[in-house]
Structure formats: structure tokens, C-alpha cells
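Survey of secondary and tertiary structure
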Amino acid sequence: MVIVLSFDIDGTLELGDPPGGVTTEMVRRAHEMGFIVGSCSDKPLSVQRSIWQQMELTPAFVSAKHQLGKVKRENPADAYYHMGDRDTDYLAAKDNDFGFWWAHEAVEQPWLEFDMANHVQEPISS
């Protein structure tokens, strides 16, 4: 099972402005578990890349939030999830057929509930 996890930055990741509750260690663990991780944010791509460098992780993608569809086309997977703290995050996920978790839900690391071999968990929010 291949699953893409897309993180908004501001209000979602701890290195955002404002900081969110999803820590670098949480993202690192998802990456180590085999999830395809990256960011889709309103921040310029160069700023997103800098944040990934601070986390000492290489993302599979960095993209503008409104380009989640491009992320989907360029990263074949069985399931796609985006997490963020604003209505624009929710709408971008919905418009591009991504599952969605609000930032306050993402801090619970719902991706840890996936059984990668057998099924995909339903997202907390629909």
C-alpha cells in the first residue's frame, strides 16, 4: 500500500508561522514507515524546501496548496491525504480527491492507524 501524506506548513507543522502541533519527529516517523511525505502550502516553494532542510528530511514533493492535483498525478499511490488548519486546506483536499485531517487531528498521527498491508483507514474528517 502506497500512501501520500501532504502537510500544510503554517499552523500545521511545528516549524510553521504560526507553529502547529505536528512535529518534525512525527513527519520523520511517517517517512520511515514508508509514507510518501511532502508539503503543499501557500509558502513559496523555496521557503518550503528550506523548512524541509531544517527538518533534515527530503520531501517527495513541495507544491503550492492549489496544486494538490499535480502532486497526485506525479506521485502514484493507493491513497492521498492532506492536513492543514484552514478552510483552504480542506477545500484543496476535497477538490483534488484527497482525504483530509485538520491540524488538530493530525497531531494524533492518524496515519499510525493504517494497516499498510490490508487496508486504508478512513480519514477523520470528510
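Residues numbered from 1 in each chain as written. Predicted model: local features only at pLDDT ≥ 70, side-chain atom pairs only at ≥ 80, totals over all residues. Heavy atoms only, no water.

One finds L5, F7, V27, F35, V37 and W111 to be the most contacted residues of the largest nonpolar core, which totals 23 residues. Of all the secondary-structure elements, those providing two or more residues to this core are β1 (3–7), α1 (24–32), α2 (45–55) and β4 (79–84). Once residues within four sequence positions are removed from consideration, W111 is found in contact with L5, F7, M26, A30, F35, M83, W101 and A106. I36, Y80, A92 and A93 belong to the second largest nonpolar core, which has 11 residues in total. (Core = buried A, V, L, I, M, F, W, Y, C linked by side-chain atoms within 4.5 Å. Buried < 20%, exposed > 50% of the residue type's maximum accessible area, 1.4 Å probe, protein only. Helix = DSSP H or I, 4+ residues; strand = E, 2+ residues; numbered from the N terminus. Contact = heavy atoms within 4.5 Å.)

What follows covers α2. Of the positions making up α2, those classed as buried are Q48, I51, W52 and M55. In a view along the axis of α2, the buried residues occupy a sector of 100°, so they form one face of it. The outward face of α2, more than 90 degrees from its buried face, is lined by the exposed residues S46, Q53 and Q54. Summarising the contacts, the buried residues of α2 are in contact with α1, β2 (36–41) and β3 (61–64). (Arc of directions from axis to C-beta.)

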